[in-house]
Amino acid sequence: MTMADDATYIQVTGEASYAEMAREYVADLQLGAKASRHQRAAQSIAQLHQLCLATLLEAGLDRSQIADGPTEVGHEYSKKMIGSHHLTITVGDPGLLTAALAALEPLFDQKKWTLQVQMRQPIFQSAPEVRAQAIRAALADARSKAAVLAAEAPVALGAVVRIEEGAKALRASGAAGDEDYFGDRTRYAASIGSLGDSGPFDAMPAPGRTIWVRYTVRFSIAPQG
């Protein structure tokens, strides 16, 4: 917080925060199939691809929630051929995603097939009015700080003459793909449970992340009198 040497203005920074809630969850699946020959690897990865699609659909996913990537066949370090296929799952229900991934596990009891799963950052969303409220709160915070400085100076606080938006800061949600190693990641991870759990999957609250907005505001001042 600063006051100009010529006592014509007070400049302060106000800040406030709002929450963005996860709207969709995105998982990348890398399917792999090993074989001694190129043709067998191609056939094996095609078979695995179809089995995975059928299993995911049976688990409750819609085909529109599953995006296909390219299929590739090439040499592995062991000189065996390996086929690979990429799938991306995007869903709004994390419990459904967890159940779908658990349903895939029995397919990979065979050593010739492999699965790698990587969670992307969830897709977050907040209502426009929520963001607008945070902006108003940040400006109110700036005015409150300026009022304290003006009272101590003492000077009369005037109108806003300049506003600059600062860079937004955020605290990650702690969800897989949006890790917050010093926040609530363990709480969210614990709520998912084991993929091998055959019981029903309870509905889980959507993780949220905190967005901080900052505005540097300049107020005119005048001598009291």
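All of these numbers come straight from a predicted model, not from anything done at the bench. (Residues numbered from 1 in each chain as written. Predicted model: local features only at pLDDT ≥ 70, side-chain atom pairs only at ≥ 80, totals over all residues. Heavy atoms only, no water.)

1. Considerations on the overall build of the protein
Applied cut-off: Only DSSP runs of H or I reaching four residues or more are called helices, and only runs of E reaching two or more are called strands; each is numbered from the N terminus. For each residue, the accessible area found with a 1.4 Å probe, counting protein chains only, is set against the maximum for its type, and the residue is called buried under 20%, exposed over 50%, and partly exposed in between. Areas reported as accessible are Shrake-Rupley estimates using a 1.4 Å probe. Residue values count occlusion only from the protein chains shown.
Summing up its helical and strand segments, the protein has four helices and nine strands in all. In sequence order, the protein lays out its α and β elements as β-β-α-β-β-α-β-β-α-β-β-α-β. In the protein, which comprises 225 residues, the proportion classed as buried is 33%. Carbon and sulfur atoms form 52% of the exposed surface of the protein, whose accessible area is close to 13000 Å².

2. Re the packing of aromatic side chains
How we decide: When two rings of Phe, Tyr or Trp (its six-membered ring) have centres within 6.5 Å they constitute a pair, described as stacked for plane angles under 30 degrees, edge-to-face for angles over 60, and tilted for the intermediate range. Lysine and arginine charges are scored as sitting over a ring when NZ or CZ, respectively, is within 6 Å of the ring centre and within 35 degrees of the ring normal.
For the coordinates displayed, the defined rule picks out zero aromatic pairs. The ring centre of W113 lies 4.9 Å from the NZ or CZ of K112, which sits over that ring. A cation over a ring is seen here: R218 above Y9, with NZ or CZ 4.0 Å from the ring centre.

3. Looking at the confidence of the model for the protein
Stated formally: pLDDT measures the predictor's confidence residue by residue and takes values from 0 up to 100. By the convention used here, residues are in contact when the closest approach between their heavy atoms is within 4.5 Å.
Confidence in the prediction for the protein averages 85 pLDDT; 80% of positions are at 70 or higher. Per-element confidence in the protein is highest for helix α3 (residues 128-152), whose mean pLDDT is 97, and lowest for helix α4 (residues 185-192), whose mean pLDDT is 33. Considering only residues more than four positions removed or in separate chains, one finds that residues 182-201, a stretch of pLDDT under 50, has 28 contacts.

4. Description of α3
The condition is simple: Under the convention used throughout, the expected extent of a helix is 1.5 Å for every residue step, that is, one less than its residue count.
Look at α3: 37 Å from first C-alpha to last across 25 residues, which is about the 36 Å you get at 1.5 Å a residue. All of the buried residues along α3 are A134, A138, A142, A146 and A150. The secondary structure elements touched by the buried residues of α3 are β2 (9-35), β7 (155-165) and β9 (208-223).

5. A short note on the nonpolar core
Note that soluble globular proteins tend to have their nonpolar side chains buried in a common cluster. Put simply, the test is: Grouping buried Ala, Val, Leu, Ile, Met, Phe, Trp, Tyr and Cys residues that are joined through side-chain atoms within 4.5 Å yields what is termed a nonpolar core.
The biggest cluster of nonpolar side chains holds 24 residues, and the ones touching the most others in it are C52, L56, L87, L104 and F108. Among the elements of the structure, β2, α1 (38-58), β4 (81-91) and α2 (94-104) are those that each provide at least two residues to this core. It is β2 that contributes the most residues to this core, six residues altogether. In contact with C52, other than residues within four places in its own chain, are L31, L87, L104, L107 and F108. In terms of nonpolar packing, the next biggest core, distinct from the first, is built from 16 residues, V12, A16, Y18 and V213 among them.

6. As for unusual backbone geometry
Peptide bonds are mostly trans, and most non-glycine residues show a negative phi. Residue P154 is bonded to the preceding A153 through a cis peptide linkage, with omega at -10°. In this fold, P154 is placed in the loop between α3 and β7.

7. A look at the pattern of salt bridges
Note the following rule: The salt bridge criterion pairs a side-chain nitrogen of Lys or Arg with a carboxyl oxygen of Asp or Glu, the two atoms within 4 Å.
By the definition in use, this model includes nine salt bridges. Residue R120 is joined to D28 by a salt bridge in which the shortest nitrogen-to-oxygen separation is 2.8 Å. With a gap of 92 residues between them, R120 in the loop between β5 (113-119) and β6 (123-125) and D28 in strand β2 connect regions that are remote in the sequence. Residue classification places D28 among the buried positions, given a relative accessible area of 14%. A salt bridge links R162 to E164; its shortest N-O distance comes to 2.3 Å. Given the relative accessible area of 40%, R162 is considered partly exposed.

8. Focus on a nonpolar patch on the surface
What counts is decided by this rule: The patches reported here contain residues having more than 30% relative accessible area and no salt bridge. Joining distances are 9 Å for like charges and 5 Å for nonpolar side chains (Val, Leu, Ile, Met, Phe, Trp, Tyr).
Side chains of I135, L139, V160 and I163 sit close together on the surface and give an oily, nonpolar patch of about 280 Å² of accessible area. Elements with a minimum of two residues in the nonpolar patch: α3 and β7. If you trace the backbone, I135 turns up in helix α3.

9. Things to note about α2
Since the α-helix turns once every 3.6 residues, residues separated by three or four places project in the same direction. Filter applied, for reference: Within 3.5 Å is the distance limit for a polar contact, defined as a pair of N or O atoms, with the added protein rule that one can donate a hydrogen and the other accept it, and that residues adjacent in sequence qualify only through two side-chain atoms.
Judged by how many residues are buried, α2 sits mostly within the fold: nine of eleven residues are covered. The complete set of buried residues in α2 reads P94, G95, L97, T98, A99, A100, L101, A102 and L104. Between a side-chain oxygen at the N-terminus of α2 and the backbone nitrogen of G95 the separation is 2.9 Å; the capping residue is D93.

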